[in-house]
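If you want the building blocks of each chain, they are given just below.
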Amino acid sequence: MVKKFSRFKILALETSCDETAAAVVGTNSNKVEILSSQVSSQIALHQKYGGVVPELAARAHLEAVIPAVEESLRTAGLTPERLTGLAVVSGPGLITSLMVGVETAKALALAWQKPLLAVNHIYAHLAANFLKPIKFPALCLVVSGGHTELIFLKDFWSCRKIGRTVDDAAGEAFDKVAKLLDLGYPGGPVIARLAAVGDSERYCFPRPMLTADNFNFSFSGLKTAVLYQTKKLGRLTPGIKKDIAAGFQRAVVEVLTAKTLKAAEKFKVKTIALAGGVAANQELRKSLEAGAVEAGFEFFAPELKFCTDNAAMVGVAACYLEQKKQTLKNNWRKIAADPNWEL
Ligand code: KG4
Ligand code: ZN
(Lines give C-alpha, C1' and ligand atoms only; values in the text may rest on other atoms or scores of the structure.)
(Ligands and ions follow the chains in the order given, each with its own letter.)
Protein backbone atom coordinates (compact mmCIF):
# COMPACT_ATOMS: atom_id res chain seq x y z
CA MET A 1 0.00 0.00 0.00
CA VAL A 2 1.23 3.49 -0.78
CA LYS A 3 1.38 5.25 2.58
CA LYS A 4 1.84 8.84 1.59
CA PHE A 5 2.00 10.62 -1.72
CA SER A 6 4.14 13.62 -2.43
CA ARG A 7 2.04 16.39 -3.89
CA PHE A 8 2.07 16.42 -7.63
CA LYS A 9 -0.11 17.41 -10.54
CA ILE A 10 0.33 15.57 -13.78
CA LEU A 11 -1.04 16.35 -17.22
CA ALA A 12 -1.64 13.03 -18.99
CA LEU A 13 -2.19 12.36 -22.69
CA GLU A 14 -3.48 9.25 -24.44
CA THR A 15 -3.84 8.87 -28.23
CA SER A 16 -3.11 5.17 -28.74
CA CYS A 17 -6.10 4.41 -30.97
CA ASP A 18 -9.19 6.48 -31.79
CA GLU A 19 -9.75 8.62 -28.69
CA THR A 20 -7.84 11.85 -28.11
CA ALA A 21 -7.67 12.17 -24.35
CA ALA A 22 -6.10 14.56 -21.86
CA ALA A 23 -6.48 14.68 -18.09
CA VAL A 24 -5.02 16.29 -15.02
CA VAL A 25 -4.48 13.98 -12.08
CA GLY A 26 -3.25 15.22 -8.74
CA THR A 27 -2.22 13.72 -5.43
CA ASN A 28 -2.67 14.96 -1.93
CA SER A 29 -1.13 13.29 1.07
CA ASN A 30 -2.86 9.94 0.73
CA LYS A 31 -4.91 9.80 -2.39
CA VAL A 32 -4.94 10.23 -6.13
CA GLU A 33 -7.60 12.56 -7.53
CA ILE A 34 -8.81 13.17 -11.05
CA LEU A 35 -8.97 16.93 -11.53
CA SER A 36 -10.16 16.79 -15.13
CA SER A 37 -10.62 14.24 -17.90
CA GLN A 38 -11.30 15.06 -21.54
CA VAL A 39 -12.02 12.45 -24.18
CA SER A 40 -12.63 13.41 -27.77
CA SER A 41 -13.93 10.37 -29.63
CA GLN A 42 -13.38 9.69 -33.33
CA ILE A 43 -16.13 7.08 -33.59
CA ALA A 44 -18.18 9.14 -36.05
CA LEU A 45 -15.13 9.51 -38.31
CA HIS A 46 -14.37 5.78 -38.53
CA GLN A 47 -17.93 4.45 -38.47
CA LYS A 48 -18.43 4.47 -42.20
CA TYR A 49 -15.30 2.35 -42.71
CA GLY A 50 -16.33 -0.22 -40.09
CA GLY A 51 -13.07 0.20 -38.17
CA VAL A 52 -10.24 2.58 -37.33
CA VAL A 53 -8.43 4.03 -40.36
CA PRO A 54 -4.92 4.79 -39.02
CA GLU A 55 -4.16 7.81 -41.16
CA LEU A 56 -7.52 9.44 -40.46
CA ALA A 57 -7.05 8.71 -36.77
CA ALA A 58 -3.65 10.43 -36.73
CA ARG A 59 -4.99 13.51 -38.49
CA ALA A 60 -7.93 13.74 -36.12
CA HIS A 61 -5.58 13.39 -33.10
CA LEU A 62 -3.47 16.26 -34.46
CA GLU A 63 -6.51 18.50 -34.60
CA ALA A 64 -7.92 17.48 -31.23
CA VAL A 65 -4.89 17.11 -29.01
CA ILE A 66 -4.09 20.74 -28.13
CA PRO A 67 -7.75 21.66 -27.55
CA ALA A 68 -7.99 18.60 -25.24
CA VAL A 69 -4.90 19.76 -23.32
CA GLU A 70 -6.25 23.30 -23.00
CA GLU A 71 -9.64 22.09 -21.86
CA SER A 72 -8.25 19.70 -19.28
CA LEU A 73 -6.01 22.41 -17.80
CA ARG A 74 -8.90 24.87 -17.78
CA THR A 75 -11.27 22.42 -16.07
CA ALA A 76 -8.62 21.59 -13.49
CA GLY A 77 -8.08 25.33 -12.93
CA LEU A 78 -4.35 25.07 -13.58
CA THR A 79 -1.76 26.83 -15.69
CA PRO A 80 1.16 24.84 -17.11
CA GLU A 81 3.62 26.34 -14.58
CA ARG A 82 1.77 24.62 -11.77
CA LEU A 83 2.20 21.13 -13.26
CA THR A 84 4.75 18.79 -11.73
CA GLY A 85 5.16 17.02 -15.04
CA LEU A 86 3.53 15.26 -17.97
CA ALA A 87 2.75 11.64 -18.78
CA VAL A 88 1.87 10.03 -22.08
CA VAL A 89 0.95 6.56 -23.34
CA SER A 90 3.81 5.60 -25.64
CA GLY A 91 2.62 2.04 -26.43
CA PRO A 92 1.24 -0.43 -27.19
CA GLY A 93 -1.17 0.94 -29.80
CA LEU A 94 -1.35 2.19 -33.37
CA ILE A 95 1.99 3.78 -34.22
CA THR A 96 0.51 6.67 -36.20
CA SER A 97 -1.87 7.48 -33.36
CA LEU A 98 0.68 7.03 -30.57
CA MET A 99 3.14 9.34 -32.28
CA VAL A 100 0.78 12.29 -32.08
CA GLY A 101 0.38 12.04 -28.31
CA VAL A 102 4.03 11.25 -27.70
CA GLU A 103 5.45 14.02 -29.88
CA THR A 104 2.91 16.53 -28.51
CA ALA A 105 3.86 15.61 -24.94
CA LYS A 106 7.55 15.94 -25.79
CA ALA A 107 7.01 19.36 -27.36
CA LEU A 108 5.02 20.55 -24.33
CA ALA A 109 7.62 19.14 -21.92
CA LEU A 110 10.33 21.05 -23.76
CA ALA A 111 8.34 24.27 -24.05
CA TRP A 112 7.21 24.22 -20.41
CA GLN A 113 10.49 22.76 -19.10
CA LYS A 114 8.69 19.94 -17.31
CA PRO A 115 9.65 16.30 -16.87
CA LEU A 116 7.84 13.68 -18.98
CA LEU A 117 6.99 10.09 -18.20
CA ALA A 118 6.16 7.37 -20.75
CA VAL A 119 3.36 5.08 -19.53
CA ASN A 120 2.46 1.63 -20.84
CA HIS A 121 -1.10 1.50 -22.22
CA ILE A 122 -1.95 -1.81 -20.49
CA TYR A 123 -0.54 -0.62 -17.17
CA ALA A 124 -2.67 2.52 -17.51
CA HIS A 125 -5.81 0.40 -18.03
CA LEU A 126 -5.19 -1.64 -14.92
CA ALA A 127 -4.26 1.48 -12.92
CA ALA A 128 -7.86 2.65 -13.41
CA ASN A 129 -8.53 0.20 -10.55
CA PHE A 130 -6.11 2.01 -8.21
CA LEU A 131 -8.64 4.77 -7.53
CA LYS A 132 -10.21 2.55 -4.85
CA PRO A 133 -8.30 0.75 -2.08
CA ILE A 134 -7.28 -2.44 -3.84
CA LYS A 135 -5.79 -5.37 -1.93
CA PHE A 136 -2.80 -7.32 -3.22
CA PRO A 137 -1.95 -9.75 -4.61
CA ALA A 138 -4.48 -9.09 -7.35
CA LEU A 139 -5.30 -10.58 -10.71
CA CYS A 140 -6.37 -8.19 -13.44
CA LEU A 141 -8.15 -9.21 -16.63
CA VAL A 142 -7.38 -6.54 -19.22
CA VAL A 143 -9.76 -6.82 -22.16
CA SER A 144 -9.65 -4.21 -24.90
CA GLY A 145 -9.74 -3.83 -28.66
CA GLY A 146 -6.06 -4.71 -28.92
CA HIS A 147 -5.41 -6.90 -25.87
CA THR A 148 -6.71 -9.71 -23.73
CA GLU A 149 -4.32 -10.38 -20.88
CA LEU A 150 -4.34 -11.80 -17.39
CA ILE A 151 -1.89 -9.89 -15.22
CA PHE A 152 -0.79 -10.94 -11.76
CA LEU A 153 -0.04 -7.90 -9.59
CA LYS A 154 2.08 -8.44 -6.50
CA ASP A 155 1.71 -4.76 -5.66
CA PHE A 156 1.09 -1.55 -7.59
CA TRP A 157 4.27 -1.94 -9.57
CA SER A 158 5.14 -5.64 -10.02
CA CYS A 159 3.17 -7.06 -12.92
CA ARG A 160 3.50 -10.54 -14.39
CA LYS A 161 1.58 -11.64 -17.45
CA ILE A 162 0.19 -15.12 -16.87
CA GLY A 163 -2.09 -15.42 -19.88
CA ARG A 164 -3.00 -13.71 -23.12
CA THR A 165 -4.93 -14.20 -26.32
CA VAL A 166 -3.15 -16.29 -28.90
CA ASP A 167 -4.99 -14.54 -31.75
CA ASP A 168 -7.75 -11.88 -31.63
CA ALA A 169 -8.42 -9.71 -28.60
CA ALA A 170 -11.86 -9.93 -26.98
CA GLY A 171 -12.80 -6.41 -28.11
CA GLU A 172 -11.58 -7.19 -31.61
CA ALA A 173 -13.92 -10.22 -31.66
CA PHE A 174 -16.85 -7.98 -30.62
CA ASP A 175 -15.91 -5.53 -33.40
CA LYS A 176 -15.53 -8.26 -36.06
CA VAL A 177 -18.78 -10.00 -35.15
CA ALA A 178 -20.58 -6.63 -35.26
CA LYS A 179 -19.17 -6.12 -38.74
CA LEU A 180 -20.37 -9.58 -39.81
CA LEU A 181 -23.84 -8.68 -38.58
CA ASP A 182 -23.63 -5.27 -40.25
CA LEU A 183 -24.06 -3.45 -36.96
CA GLY A 184 -21.38 -0.78 -37.32
CA TYR A 185 -18.35 0.26 -35.28
CA PRO A 186 -17.38 -0.05 -32.45
CA GLY A 187 -18.96 -3.46 -32.04
CA GLY A 188 -18.85 -3.92 -28.27
CA PRO A 189 -21.57 -1.49 -27.22
CA VAL A 190 -23.99 -2.45 -30.05
CA ILE A 191 -23.53 -6.21 -29.51
CA ALA A 192 -24.09 -5.68 -25.78
CA ARG A 193 -27.26 -3.70 -26.48
CA LEU A 194 -28.72 -6.37 -28.76
CA ALA A 195 -27.56 -9.23 -26.54
CA ALA A 196 -29.47 -7.73 -23.62
CA VAL A 197 -32.74 -8.47 -25.47
CA GLY A 198 -31.58 -11.62 -27.29
CA ASP A 199 -31.82 -15.33 -26.50
CA SER A 200 -28.33 -16.62 -25.73
CA GLU A 201 -29.44 -20.26 -26.03
CA ARG A 202 -30.81 -20.15 -29.58
CA TYR A 203 -27.39 -20.38 -31.23
CA CYS A 204 -24.67 -22.11 -29.31
CA PHE A 205 -21.12 -21.05 -30.06
CA PRO A 206 -17.87 -22.72 -28.95
CA ARG A 207 -16.06 -21.77 -25.72
CA PRO A 208 -12.49 -21.65 -27.07
CA MET A 209 -9.71 -22.87 -24.76
CA LEU A 210 -12.11 -23.13 -21.84
CA THR A 211 -10.56 -26.37 -20.64
CA ALA A 212 -7.00 -25.79 -21.88
CA ASP A 213 -4.45 -26.23 -19.16
CA ASN A 214 -3.17 -22.65 -19.33
CA PHE A 215 -4.50 -19.11 -18.95
CA ASN A 216 -4.49 -18.18 -22.61
CA PHE A 217 -7.49 -17.22 -24.71
CA SER A 218 -8.47 -17.52 -28.37
CA PHE A 219 -11.30 -15.66 -30.05
CA SER A 220 -10.70 -15.99 -33.77
CA GLY A 221 -12.37 -19.44 -34.00
CA LEU A 222 -15.41 -18.08 -32.22
CA LYS A 223 -15.68 -15.29 -34.76
CA THR A 224 -15.41 -17.89 -37.56
CA ALA A 225 -18.16 -19.97 -35.92
CA VAL A 226 -20.39 -16.88 -36.01
CA LEU A 227 -19.47 -16.38 -39.68
CA TYR A 228 -20.48 -19.97 -40.55
CA GLN A 229 -23.72 -19.60 -38.62
CA THR A 230 -24.61 -16.41 -40.52
CA LYS A 231 -23.82 -18.12 -43.86
CA LYS A 232 -26.03 -21.05 -42.93
CA LEU A 233 -28.89 -18.75 -41.97
CA GLY A 234 -28.79 -16.57 -45.08
CA ARG A 235 -30.97 -13.51 -44.47
CA LEU A 236 -30.29 -12.02 -41.07
CA THR A 237 -33.44 -10.60 -39.53
CA PRO A 238 -33.21 -8.27 -36.51
CA GLY A 239 -34.48 -11.16 -34.36
CA ILE A 240 -31.69 -13.47 -35.57
CA LYS A 241 -29.06 -10.76 -35.05
CA LYS A 242 -29.97 -10.19 -31.43
CA ASP A 243 -29.91 -13.92 -30.70
CA ILE A 244 -26.53 -14.32 -32.41
CA ALA A 245 -25.22 -11.32 -30.45
CA ALA A 246 -26.49 -12.86 -27.21
CA GLY A 247 -25.01 -16.30 -27.97
CA PHE A 248 -21.66 -14.80 -28.97
CA GLN A 249 -21.46 -12.52 -25.94
CA ARG A 250 -22.36 -15.42 -23.62
CA ALA A 251 -19.51 -17.52 -25.07
CA VAL A 252 -16.96 -14.70 -24.59
CA VAL A 253 -18.16 -13.89 -21.08
CA GLU A 254 -18.15 -17.54 -20.01
CA VAL A 255 -14.59 -18.14 -21.17
CA LEU A 256 -13.25 -14.90 -19.69
CA THR A 257 -14.99 -15.52 -16.37
CA ALA A 258 -14.04 -19.19 -15.99
CA LYS A 259 -10.38 -18.75 -16.86
CA THR A 260 -9.97 -15.66 -14.69
CA LEU A 261 -11.49 -17.45 -11.70
CA LYS A 262 -9.28 -20.48 -12.29
CA ALA A 263 -6.17 -18.27 -12.42
CA ALA A 264 -7.25 -16.39 -9.29
CA GLU A 265 -7.52 -19.69 -7.38
CA LYS A 266 -4.18 -20.93 -8.64
CA PHE A 267 -2.31 -17.71 -7.85
CA LYS A 268 -4.11 -17.28 -4.52
CA VAL A 269 -4.93 -13.61 -5.03
CA LYS A 270 -7.12 -11.48 -2.77
CA THR A 271 -8.64 -9.39 -5.54
CA ILE A 272 -9.92 -9.88 -9.08
CA ALA A 273 -9.94 -6.71 -11.16
CA LEU A 274 -11.26 -6.00 -14.62
CA ALA A 275 -9.97 -3.32 -17.02
CA GLY A 276 -10.01 -2.15 -20.66
CA GLY A 277 -12.81 -1.20 -23.04
CA VAL A 278 -14.58 -4.58 -22.82
CA ALA A 279 -14.75 -4.09 -19.03
CA ALA A 280 -17.61 -1.72 -19.87
CA ASN A 281 -19.64 -4.81 -20.80
CA GLN A 282 -22.35 -5.23 -18.15
CA GLU A 283 -22.72 -8.97 -18.60
CA LEU A 284 -18.98 -9.49 -18.15
CA ARG A 285 -18.92 -7.23 -15.08
CA LYS A 286 -21.85 -9.08 -13.53
CA SER A 287 -20.57 -12.55 -14.35
CA LEU A 288 -17.04 -11.94 -13.09
CA GLU A 289 -18.24 -10.13 -9.98
CA ALA A 290 -20.67 -12.93 -9.12
CA GLY A 291 -17.99 -15.61 -9.64
CA ALA A 292 -15.40 -13.62 -7.68
CA VAL A 293 -17.66 -12.91 -4.73
CA GLU A 294 -18.88 -16.50 -4.59
CA ALA A 295 -15.29 -17.76 -4.50
CA GLY A 296 -14.32 -15.24 -1.80
CA PHE A 297 -12.34 -12.70 -3.83
CA GLU A 298 -12.79 -8.95 -3.75
CA PHE A 299 -13.93 -7.60 -7.09
CA PHE A 300 -12.89 -4.32 -8.71
CA ALA A 301 -13.89 -2.74 -12.01
CA PRO A 302 -13.37 0.90 -12.99
CA GLU A 303 -16.24 3.30 -13.54
CA LEU A 304 -17.47 2.89 -17.12
CA LYS A 305 -15.83 6.13 -18.33
CA PHE A 306 -12.43 4.84 -17.14
CA CYS A 307 -12.77 1.47 -18.93
CA THR A 308 -12.47 2.62 -22.53
CA ASP A 309 -9.40 4.66 -23.50
CA ASN A 310 -9.00 7.81 -21.42
CA ALA A 311 -6.15 9.87 -20.02
CA ALA A 312 -7.24 9.86 -16.37
CA MET A 313 -6.04 6.26 -16.06
CA VAL A 314 -2.69 7.36 -17.52
CA GLY A 315 -2.39 10.10 -14.90
CA VAL A 316 -3.24 7.61 -12.12
CA ALA A 317 -0.61 5.20 -13.44
CA ALA A 318 1.91 8.04 -13.58
CA CYS A 319 1.22 9.03 -9.95
CA TYR A 320 1.93 5.48 -8.78
CA LEU A 321 5.02 5.13 -10.96
CA GLU A 322 6.30 8.47 -9.74
CA GLN A 323 5.71 7.41 -6.16
CA LYS A 324 8.04 4.50 -6.80
CA LYS A 325 10.62 7.03 -8.05
CA GLN A 326 10.99 5.32 -11.38
CA THR A 327 10.03 8.22 -13.33
CA LEU A 328 9.57 11.90 -13.97
CA LYS A 329 12.84 13.10 -15.42
CA ASN A 330 13.83 15.71 -17.94
CA ASN A 331 14.27 12.97 -20.46
CA TRP A 332 11.90 13.75 -23.29
CA ARG A 333 14.69 13.03 -25.79
CA LYS A 334 14.65 9.37 -24.81
CA ILE A 335 10.91 8.86 -25.20
CA ALA A 336 9.52 7.41 -28.43
CA ALA A 337 6.27 5.74 -29.47
CA ASP A 338 6.60 1.96 -29.25
CA PRO A 339 3.56 0.17 -30.76
CA ASN A 340 4.68 -3.20 -29.36
CA TRP A 341 5.68 -2.24 -25.82
CA GLU A 342 5.06 -5.38 -23.72
CA LEU A 343 4.12 -4.83 -20.12
O1 KG4 B 1 -9.67 0.01 -24.20
P2 KG4 B 1 -10.30 0.46 -25.47
O3 KG4 B 1 -11.09 1.74 -25.45
O4 KG4 B 1 -9.26 0.62 -26.62
C5 KG4 B 1 -8.17 -0.26 -26.76
O6 KG4 B 1 -7.22 -0.12 -25.99
O7 KG4 B 1 -8.31 -1.15 -27.63
O8 KG4 B 1 -11.23 -0.75 -25.94
C9 KG4 B 1 -12.01 -0.65 -27.10
C10 KG4 B 1 -12.74 -1.96 -27.28
C11 KG4 B 1 -13.47 -2.05 -28.61
O12 KG4 B 1 -13.15 -3.28 -29.21
C13 KG4 B 1 -14.94 -2.00 -28.20
O14 KG4 B 1 -15.79 -2.71 -29.08
C15 KG4 B 1 -14.90 -2.63 -26.83
O16 KG4 B 1 -13.72 -2.14 -26.24
N17 KG4 B 1 -16.05 -2.27 -26.00
C18 KG4 B 1 -16.95 -3.14 -25.55
C19 KG4 B 1 -17.95 -2.41 -24.86
N20 KG4 B 1 -17.59 -1.09 -24.92
C21 KG4 B 1 -16.43 -1.01 -25.62
N22 KG4 B 1 -17.01 -4.49 -25.68
C23 KG4 B 1 -18.06 -5.13 -25.12
N24 KG4 B 1 -19.05 -4.49 -24.47
C25 KG4 B 1 -19.04 -3.15 -24.32
N26 KG4 B 1 -20.02 -2.53 -23.66
ZN1 ZN C 1 -6.94 0.86 -24.37
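Parameters and conventions
All residue numbers refer to positions counted from 1 along the written sequence of the respective chain. Each chain is given a letter, starting from A, and each ligand a number, starting from 1, according to the order in which they appear as written. Where totals are concerned, whole chains, interfaces and linings use all residues; where local detail is concerned, this predicted model gives features only for residues with pLDDT of at least 70, and gives and counts side-chain atom pairs only at 80 or more. Computation of side-chain values covers all heavy atoms of the structure but excludes hydrogens and water. Whether a residue is near a molecule or strand is decided by its heavy atoms; if any one of them lies within 4 Å of it, the residue is near. A 3.5 Å cut-off defines polar contacts: any pair of N or O atoms within that distance qualifies, except that in protein one atom must be a possible hydrogen donor and the other a possible acceptor, and neighbouring residues in sequence count only when both atoms are side-chain atoms. Every accessible area reported is derived by Shrake-Rupley at a probe size of 1.4 Å, with residue values counting cover from the shown protein chains alone. Cavities and pockets were defined on a 1 Å grid built over protein atoms only: a cavity is a set of grid points that admits a 1.4 Å probe from which the probe cannot escape, a pocket is an open set flanked by protein on both sides within 12 Å along at least five of seven lines, and lining residues are those with an atom within 4 Å of any such point. Whether a molecule lies in a cavity or pocket depends on its atoms, and more than half of them have to be within 2 Å of the grid points. Where helices and strands are cited, they refer to DSSP runs of H or I of at least four residues and of E of at least two residues respectively, numbered from the N terminus. Gly falls in the polar group here, along with every residue not listed as nonpolar (Ala, Val, Leu, Ile, Met, Phe, Trp, Tyr, Cys, Pro) or charged (Asp, Glu, Lys, Arg). At least two DSSP bridges between two strands are needed for those strands to be called paired. A fitted line through C-alpha atoms represents every axis, and for helices the fit uses only the stretch in contact; the resulting angles, taken between N-to-C directions, go from 0 to 180 degrees.

**Concerning the site of ligand 1**
Reasoning step 1: In the neighbourhood of ligand 1, 19 residues make up the surrounding shell, with Gly145, Asp175, Gly188, Gly277 and Asp309 lying closest.
Reasoning step 2: Within the contact set of ligand 1, an oxygen atom lies 3.1 Å away from a backbone nitrogen or oxygen of glycine 171.
Reasoning step 3: Between ligand 1 and aspartate 309, the relevant distance is 2.9 Å, taken from an oxygen atom to a main-chain nitrogen or oxygen of the residue.
Reasoning step 4: Starting from 550 Å² of accessible surface for ligand 1 in isolation, the protein chains cover 90%.
Reasoning step 5: When each cavity is represented as a set of grid points, ligand 1 is found to reside in the largest pocket.
Reasoning step 6: Listed by contribution, the elements that provide at least two residues to the shell around ligand 1 are helix 4 (121-127), helix 5 (170-180) and helix 6 (187-195).
Reasoning step 7: Here the shell around ligand 1 is composed, by residue class, of 5 nonpolar, 12 polar and 2 charged.

**Here's the deal with the sheet that holds strand 8 (residues 159-164)**
Reasoning step 1: The 5 strands lie next to each other as 8-7-6-9-10, forming an open sheet whose pairing is mixed. One side of each edge strand has no neighbouring strand; the edge strands of this open sheet are strand 8 and strand 10 (298-300). Across the sheet, the axes of successive neighbouring strands diverge by a mean angle of 20°, strand direction being ignored.
Reasoning step 2: Pairing geometry for strand 6 (residues 138-143) and strand 9 (residues 271-275), over 5 bridges, is parallel. Following the sheet pairing, leucine 139 is matched in strand 9 by isoleucine 272.

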